[in-house]
Amino acid sequence: MYRRKVFVLLLTMVIGVSACNIGLPDLFPISAPFIVKGTFEERAAFLQAPCPVWVDTTGVVYHLFQNEVISNEDFDRVTTPGVTSRLRLEIRRDLTVGCPMGKTVEVIQVLEIIQ
């Protein structure tokens, strides 16, 4: 009976921690690069100020960070509202943003900018 109570308590704690998105430090803060097409825009969450985000063609929202090899001119064009681009990205779990929506990514390469 004691083991069952301990198991239920531990299971409840694990579910609670995962629901709050609190856990052990991420051992792999950077993902494998991937290519996606999307458009830069401003979006607002409920009762929040608008956030500048990049939205891919499937609706996934990203916060873009500039890699050191990306020129300021290219990054400025990609992050202009209404501009569509095709980018090589890496998810970065070690970078934080003030907006409560989307995935944080680093732009590894600008493949195409479509006006």
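Residues numbered from 1 in each chain as written. Predicted model: local features only at pLDDT ≥ 70, side-chain atom pairs only at ≥ 80, totals over all residues. Heavy atoms only, no water.

A few points about the packing of aromatic side chains
So, step 1. For the structure shown, the criterion picks out 2 aromatic pairs.
So, step 2. Here the aromatic rings of Phe-34 and Tyr-62 are separated by 6.2 Å at their centres, their planes lie at 40°, and the arrangement is tilted. Remark: Tyr-62 occurs in strand 3 (residues 61–66) and Phe-34 occurs in strand 1 (residues 34–43); sequence separation between them is 28 residues.
So, step 3. By relative accessible area, which is 6% here, Tyr-62 ends up buried.
So, step 4. Counting every residue linked through ring pairs, the aromatic cluster contains Phe-34, Trp-54 and Tyr-62. (Phe/Tyr/Trp six-rings, centres within 6.5 Å; stacked < 30°, edge-to-face > 60°. Helix = DSSP H or I, 4+ residues; strand = E, 2+ residues; numbered from the N terminus. Buried < 20%, exposed > 50% of the residue type's maximum accessible area, 1.4 Å probe, protein only.)

Thoughts on the nonpolar core
One broad rule of soluble globular proteins: the nonpolar side chains tend to lie buried together.
So, step 1. Core analysis: the largest hydrophobic core is formed by 14 residues, its most contacted members being Trp-54, Leu-64, Leu-87, Leu-89 and Val-107.
So, step 2. Of all the secondary-structure elements, those providing two or more residues to this core are strand 1, strand 3, helix 2 (72–78), strand 4 (84–91) and strand 5 (103–114).
So, step 3. With near-sequence residues (within four places) excluded, Val-107 lies in contact with Leu-64, Phe-65, Asn-67, Ile-70, Phe-75, Leu-87, Arg-88 and Leu-89. (Core = buried A, V, L, I, M, F, W, Y, C linked by side-chain atoms within 4.5 Å. Contact = heavy atoms within 4.5 Å.)

Thoughts on the pattern of salt bridges
So, step 1. For the structure on display, the rule yields 4 salt bridges.
So, step 2. The closest approach of N and O atoms between Arg-86 and Glu-112, which form a salt bridge, is 3.3 Å. Pair noted here: Arg-86 is in strand 4 and Glu-112 is in strand 5, with a separation of 26 residues, a long-range link.
So, step 3. A residue is classified by how much of its surface remains accessible, and Arg-86, at 31% relative accessible area, is partly exposed.
So, step 4. With a closest N to O distance of 2.7 Å, Asp-94 and Arg-92 form a salt bridge. (Salt bridge = Lys/Arg side-chain N within 4 Å of Asp/Glu carboxyl O.)

Considering the environment of Val-97
So, step 1. With respect to the helices and strands, the residue Val-97 is situated in the loop between strand 4 and strand 5.
So, step 2. A residue is classified by how much of its surface remains accessible, and Val-97, at 32% relative accessible area, is partly exposed.
So, step 3. In this structure Val-97 touches His-63, Phe-65 and Thr-104, once residues within four positions along its chain are discounted.

Examining the pairing of strand 2 (residues 51–56)
So, step 1. Burial of strand 2 is extensive: 5 of the 6 residues sit out of reach of the surface.
So, step 2. Of the pairings in the sheet, the one linking strand 1 to strand 2 comprises 6 bridges and is antiparallel in character. Among the inter-strand pairings, Phe-40 is bridged to a residue of strand 2, identified as Trp-54.
So, step 3. In terms of strand pairing, strand 2 meets strand 3 through 2 bridges, oriented antiparallel. (Pairing = 2+ DSSP bridges.)

Some remarks on the environment of Leu-87
So, step 1. Looking at the secondary structure, you find Leu-87 in strand 4.
So, step 2. On the basis of relative accessibility, which here comes to 0%, the residue Leu-87 falls in the buried class.
So, step 3. Sequence separation between Leu-87 and Ile-113 is 26 residues, and the spatial gap between their C-alpha atoms is 8.7 Å.
So, step 4. Among all residues touching Leu-87, those that are not within four sequence positions of it are Phe-34, Ile-35, Val-36, Trp-54, Leu-64, Val-78, Val-107, Gln-109, Val-110 and Leu-111.

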